[in-house]
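So you can see what is in the structure, the chains are spelled out below.
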Amino acid sequence: MPLLLEGSCRCGAVKFSVQSHTPVPYQRCYCSICRKQQGGGGYAINLGADNTTLKIEGKAHLGVYRATIEDDEHEHCEVSSGERNFCRECGSALWLYDPSWPDLVHPFASAIDTDLPKPPSSVHLMLKYKASWVEPQIGPDDATFDLYPEQSIEDWHRERGVWVE
């Protein structure tokens, strides 16, 4: 059975739960969107979960932010299809949903109240866009990528035996 993740914003106006087969907080994203929206250490950690199981209390307090993307990988400035949900009362970032992958939702590990498994290693991605002041703490078993890894969140969990049935 998937792990039930329970999360909330800082002020408690929004609470949510979602089931996850991929609850290990292993992936550190250094892109400017993640970093500026909720990555105090210069990166954000997003989890994977089953969007069909997402339950929300306090929907009236939710806001959605869609970032504009203007970088070396995009010929023109474009608005991201990703919907970054946050609490309009306290500003806590809660989860990312992208209609391009309707079965998935990506809760921010920082919003999860449930104890999460400790990752056996980390993946550092979007290092090309990290802030100049950030010095990634890269462990001996960690992987690094200038952009995105080809391996999916599901495949990473399965390969390491941490997929939750």
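To start, this report covers the structure provided alongside it. If you're wondering where the values come from, they're calculated on a predicted model, not measured in any experiment. Each chain has its residues counted from 1, running along the sequence as written. Thresholds applied to this predicted model are a pLDDT of at least 70 for local features of residues and 80 or more for the giving and counting of side-chain atom pairs; totals over whole chains, interfaces and linings are not thresholded and use all residues. Think of the side-chain values as coming from all heavy atoms in the structure, minus any hydrogens and water.

## What to know about the nonpolar core
Proteins that are soluble and globular tend to have nonpolar side chains buried together.
Alright, step 1. Side-chain atoms within 4.5 Å are what join buried Ala, Val, Leu, Ile, Met, Phe, Trp, Tyr and Cys residues into a set we call a nonpolar core. Between buried and exposed lies partly exposed: a residue is buried under 20% and exposed over 50% of the maximum accessible area for its type, with that area taken using a 1.4 Å probe on protein chains only. Membership of the largest hydrophobic core comes to 17 residues, with the highest contact counts inside it found for Val-14, Phe-16, Leu-94, Trp-95 and Val-105.
Alright, step 2. Numbering of helices and strands runs from the N terminus; a helix is a DSSP stretch of H or I covering at least four residues, while a strand is a stretch of E covering at least two. Sorting the residues of this core by element identifies strand 2 (15–20) and strand 11 (93–97) as the ones contributing at least two each.
Alright, step 3. Residue contributions to this core peak at three residues, all from strand 11.
Alright, step 4. In this view, Trp-95 contacts Phe-16, Leu-54, Ile-56, Leu-62, Glu-83, Arg-84, Asn-85, Val-105, His-106, Pro-107 and Phe-108; residues no more than four positions away in its chain are not counted.
Alright, step 5. Membership of the second largest hydrophobic core comes to 14 residues, among which are Cys-34, Leu-125, Tyr-129 and Ile-153. We call two residues in contact whenever any of their non-hydrogen atoms come within 4.5 Å of each other.

## Some remarks on the pattern of salt bridges
Side chains that carry opposite charge are capable of pairing whenever their charged atoms lie near each other.
Alright, step 1. Any carboxyl oxygen of Asp or Glu within 4 Å of a side-chain nitrogen of Lys or Arg constitutes a salt bridge here. Going through the model one piece at a time under the given rule, you end up with three salt bridges.
Alright, step 2. For Arg-158, the salt bridge identified is with Glu-154, shortest N-O distance 2.9 Å. One end of the pair is Arg-158 and the other is Glu-154, both in helix 2 (residues 153–159) and four residues apart, which spans about a single turn.
Alright, step 3. Taking relative accessible area as the criterion, Glu-154 reaches 36% and is therefore assigned partly exposed.
Alright, step 4. A salt bridge links Glu-159 to Arg-160; its shortest N-O distance comes to 3.3 Å.
Alright, step 5. Here Glu-159 falls in the exposed class, since its relative accessible area comes to 58%.

## Some thoughts on the sheet that holds strand 12 (residues 104–107)
Alright, step 1. One open sheet holds the five strands; their spatial order is 5-12-11-10-7, and the pairing between them is antiparallel. Looking at the sheet topology across the chains shown, the edges are occupied by strand 5 (49–50) and strand 7 (62–65).
Alright, step 2. Should DSSP find at least two bridges between two strands, the strands are regarded as paired. Where strand 10 (residues 83–87) meets strand 11, four bridges bridge the pair, whose relative direction is antiparallel. Paired with Asn-85 across the two strands is Trp-95, which belongs to strand 11.

## A short note on the side chain of Ser-20
Alright, step 1. Mapped onto the secondary structure, Ser-20 falls in strand 2.
Alright, step 2. Separated by 3.0 Å, the side chain of Ser-20 and the backbone nitrogen of Thr-22 make a polar contact.
Alright, step 3. Beyond its immediate sequence surroundings of up to four residues, Ser-20 is in contact with Pro-2, Leu-3, Leu-5, Gly-48, Ala-49 and Val-164. Polar contact is defined as a pair of N or O atoms within 3.5 Å, subject to the rule that within protein one atom must be able to donate a hydrogen and the other to accept it, and that residues adjacent in sequence are counted only when both atoms are side-chain atoms.

On their own, these measurements won't tell you what the molecule is for.
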